[in-house]
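# Per-entry structural report
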Amino acid sequence: MIPPETARPGPTPRFRIGDRVRIDARPLATHHRVPAYAKGQTGVIIRVCGEHEEPERLAFGQQHRLRRLYRVRLQQTDLWKTYEGSPTDTLDIEIFDHWLQPA
Amino acid sequence: MSHDHPHRHPPQADHREPVSHYEWLGVALNELLMEKGLYTAQELREMMAEVEAVEPSTHGARVVARAWVDEDFRVRLLKDANTAVEALGFDSAATDLTVLENTDEIHNVVVCTLCSCYPRSLLGRPPTWYKSASYRSRLVREPRSVLREFGTQLPDNVTVRVHDSTAELRYLVLPLRPQGTDDWTEERLAELVTRDSMIGVTTARTP
């Protein structure tokens, strides 16, 4: 667990609330915090969180690097072809800046 | 893996024998770290005892009950949960705590698909099902079916928001206050707030 003092305001975030983003689909065999189902998906930024240690480097005890964290809202009907439920149902997920591109 | 190596065994007697490659890898890694002297078997056992001694917490229920009776606190809790929780004298546990408010239109439910992230300082240790592969894989794909299995039937016009706790934040659901509790005290209300209702797989108890 990373203590909160590592979460810092940091430089101006690349994305703002309401921006459409695509989550990178790149495969990575080592530790990272993007589940497979979210890769390649497009969603909307719903919250700009602080900066936190980059998990990929932290996992190997490498020199620390802060990365901006966002909450991204995905639509369930985009995620799953056979989704049964309301078309308004969502999946909200935390994604680091270096896994996001403008969409 | 063959069983002819006499040292390979689970770290505690009541742990079941590892069955998968990764479970054996965990046992082997643990033994290597102890052989290298990074920690002793006794230190490991003491750490396990410490983790297991944490009581399932009622702190979360008291936070919810306060939010039900105190509008200013509710607003503060939704805006900055860490300071609101600390103002009640509870540990917000060094993570960015986010409170998700259920309404007549929106039902929130929390999962950690990658491991078992959970607001432990408010809810204690996560239940076994929260850590199960079944819950973690199914809640994101078919949340309404999973909720039905918990006895939670939501109308179609209620939006279900699944929150995947994948990185640094921890989530606590603020359930709807049950009807018929208008004149209830905060202490009595807290008894209606279950752990599961704060994960979001159920509603609060009805009186």
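Residues numbered from 1 in each chain as written. Chains lettered and ligands numbered in written order. Predicted model: local features only at pLDDT ≥ 70, side-chain atom pairs only at ≥ 80, totals over all residues. Heavy atoms only, no water.

## Some details on the overall build of chain A
For the record, the criterion: Secondary structure elements follow DSSP: runs of H or I no shorter than four residues count as helices, runs of E no shorter than two count as strands, and numbering proceeds from the N terminus. Contact definition: two residues touch when any of their heavy atoms are within 4.5 Å. Values of accessible area rely on a 1.4 Å probe in the Shrake-Rupley scheme; residue burial ignores everything except the protein chains shown. We treat Lys and Arg as the positive residues and Asp and Glu as the negative residues; His and chain ends play no part in the count. We put the charge of a Lys on NZ, of an Arg on CZ, of an Asp on CG and of a Glu on CD.
Across its full length, chain A carries two helices and five strands. Ordered by position from the N terminus, the helices and strands of chain A form the series β-β-α-β-α-β-β. On the principal axes, the C-alpha backbone points of chain A span a range of 45 × 30 × 25 Å. Long-range pairs, those at least 24 residues apart, make up 62% of the contacts in chain A between residues at least 6 apart in sequence. For chain A, the accessible area works out to roughly 5,400 Å², and carbon and sulfur atoms hold 53% of it. Across chain A, the 16 positively charged side chains and the 13 negatively charged ones have centroids separated by 4 Å.

## Examining the pairing of strand 2 (residues 106-111) of chain B
All names here are of chain B. Stated precisely, the cut-off is as follows: Summary of the burial criterion: residues with accessible area below 20% of their type's maximum are buried, those above 50% are exposed, and those between are partly exposed, where the area comes from a 1.4 Å probe applied to protein chains only. Strand pairing is assigned whenever DSSP detects at least two bridges linking the two strands.
With five of its six residues buried, strand 2 lies for the most part within the structure. Pairing analysis gives six bridges linking strand 2 to strand 3 (residues 159-164), with the strands arranged parallel. For asparagine 108, the partnering residue across the bridge sits in strand 3 and is arginine 161.

## Details of the sheet that holds strand 3 of chain B
Sheet strands associate in pairs through backbone hydrogen bonding, adopting either a parallel or an antiparallel arrangement. We count it as follows: Interaxial angles span 0 to 180 degrees and are taken between N-to-C directions of axes, which are lines fitted to C-alpha atoms, for helices over the stretch in contact.
Strands sit in the order 5(A)-1(A)-2(A)-3(A)-4(A)-3(B)-2(B) across an open sheet of seven strands; the sheet is mixed. Sheet topology places strand 5 (100-102) of chain A together with strand 2 of chain B at the edges, where each strand pairs with a single neighbour. Averaged over all pairs of adjacent strands, the angle between their axes in this sheet comes to 35°, without regard to strand direction. Examined bridge by bridge, strand 1 (residues 20-23) of chain A and strand 5 of chain A share three bridges and lie antiparallel to one another. Bridged to A:Ile23 within strand 5 of chain A is A:Leu100. Its contacts with the sheet put helix 8 (residues 133-141) of chain B on strand 4 (90-96) of chain A together with strand 2 and strand 3 of chain B, and the angle it makes with strand 2 of chain B is roughly 150°.

## Describing the interface of chain B and chain A
To be explicit about the condition: Values labelled buried area give the accessible surface lost by two parts on being combined, using a 1.4 Å probe and summing over both. What makes a salt bridge here is a side-chain nitrogen of Lys or Arg within 4 Å of a carboxyl oxygen of Asp or Glu, nothing more. Within 3.5 Å is the distance limit for a polar contact, defined as a pair of N or O atoms, with the added protein rule that one can donate a hydrogen and the other accept it, and that residues adjacent in sequence qualify only through two side-chain atoms. Three classes are used: nonpolar for Ala, Val, Leu, Ile, Met, Phe, Trp, Tyr, Cys and Pro, charged for Asp, Glu, Lys and Arg, and polar for all others, with Gly counted as polar.
Listed as interface residues are 31 residues of chain B and, on the opposing side, 30 residues of chain A. A combined buried area of about 2,400 Å² lies between chain B and chain A, and 47% of that area is made up of carbon and sulfur atoms. Where chain B packs against chain A, one counts three salt bridges. Between A:Glu84 and B:Arg148 there is a salt bridge, with its nearest N and O atoms 3.6 Å apart. Where chain B packs against chain A, one counts 22 residue pairs in polar contact (both at pLDDT 80 or more). The set of elements that each furnish at least two residues to the side of chain B that touches chain A consists of strand 1 (96-101), helix 8, helix 9 (143-149), strand 3 and strand 4 (169-174) of chain B. Of all the elements, strand 3 of chain B adds the most residues to the side of chain B that touches chain A, at six residues. Class assignment for the residues of the side of chain B that touches chain A results in 15 nonpolar, eight polar and eight charged.

## Details of the domain arrangement of chain B
Note the following rule: Domain boundaries shown here were taken from an automatic or database domain assignment.
In terms of domains, chain B is made up of domain 1 (21-52) and domain 2 (59-199). For domain 1 of chain B versus domain 2 of chain B, the separation of C-alpha centres amounts to 33 Å.

## Section: the pairing of strand 4 of chain A
The two faces of the sheet receive side chains in turn, since in a regular strand these alternate between them. Taking burial as the measure, the seven residues of strand 4 of chain A include seven buried ones, the bulk of the element. A two-sided burial pattern is seen for strand 4 of chain A, the buried positions comprising A:Thr90, A:Asp92, A:Glu94 and A:Phe96 on one face and A:Leu91, A:Ile93 and A:Ile95 on the other. The pairing of strand 3 (residues 66-75) of chain A with strand 4 of chain A spans seven bridges and is antiparallel. For A:Gln75, the partnering residue across the bridge sits in strand 4 of chain A and is A:Thr90. Of the pairings in the sheet, the one linking strand 4 of chain A to strand 3 of chain B comprises four bridges and is parallel in character. In the sheet register, A:Ile93 faces strand 3 of chain B, and the bridge partner there is B:Asp164.

## Overview of the packing of aromatic side chains
All names here are of chain B. Let me state the cut-off plainly: Only Phe, Tyr and Trp rings are paired, with Trp represented by its six-membered ring, and only when their centres lie within 6.5 Å; those with planes under 30 degrees apart are stacked, over 60 edge-to-face, the remainder tilted.
Going through the model one piece at a time under the given rule, you end up with eight aromatic pairs over all chains. On the basis of an interplanar angle of 70° and a centroid distance of 4.9 Å, the ring pair of tryptophan 129 and tyrosine 135 is categorised as edge-to-face. Relative accessible area serves as the criterion here: at 4%, tyrosine 135 is assigned to the buried category. Measuring from ring centre to ring centre gives 6.4 Å for tyrosine 135 and phenylalanine 150, while their planes differ by 80°; the resulting arrangement is edge-to-face.

## Description of the packing of helix 3 (residues 59-69) of chain B against helix 4 (residues 71-79) of chain B
Residue and element names in this part refer to chain B. Using the following cut-off: Roughly parallel means an angle under 35 degrees; roughly antiparallel means over 145; roughly perpendicular covers 65 to 115; every other angle is labelled oblique. Here a crossing is taken to be left-handed if its near helix is turned anticlockwise relative to the far helix by less than a right angle, and right-handed if that turn runs clockwise.
Here helix 3 crosses helix 4 at 125°, and the two axes come no closer than 5 Å. In terms of orientation, helix 3 lies oblique with respect to helix 4. Between helix 3 and helix 4 lies a crossing whose hand is left-handed. Only Glu71, Phe73, Arg74 and Leu77 of helix 4 make contact with helix 3, whose side of the interface consists of Val63, Arg66, Ala67 and Val69.

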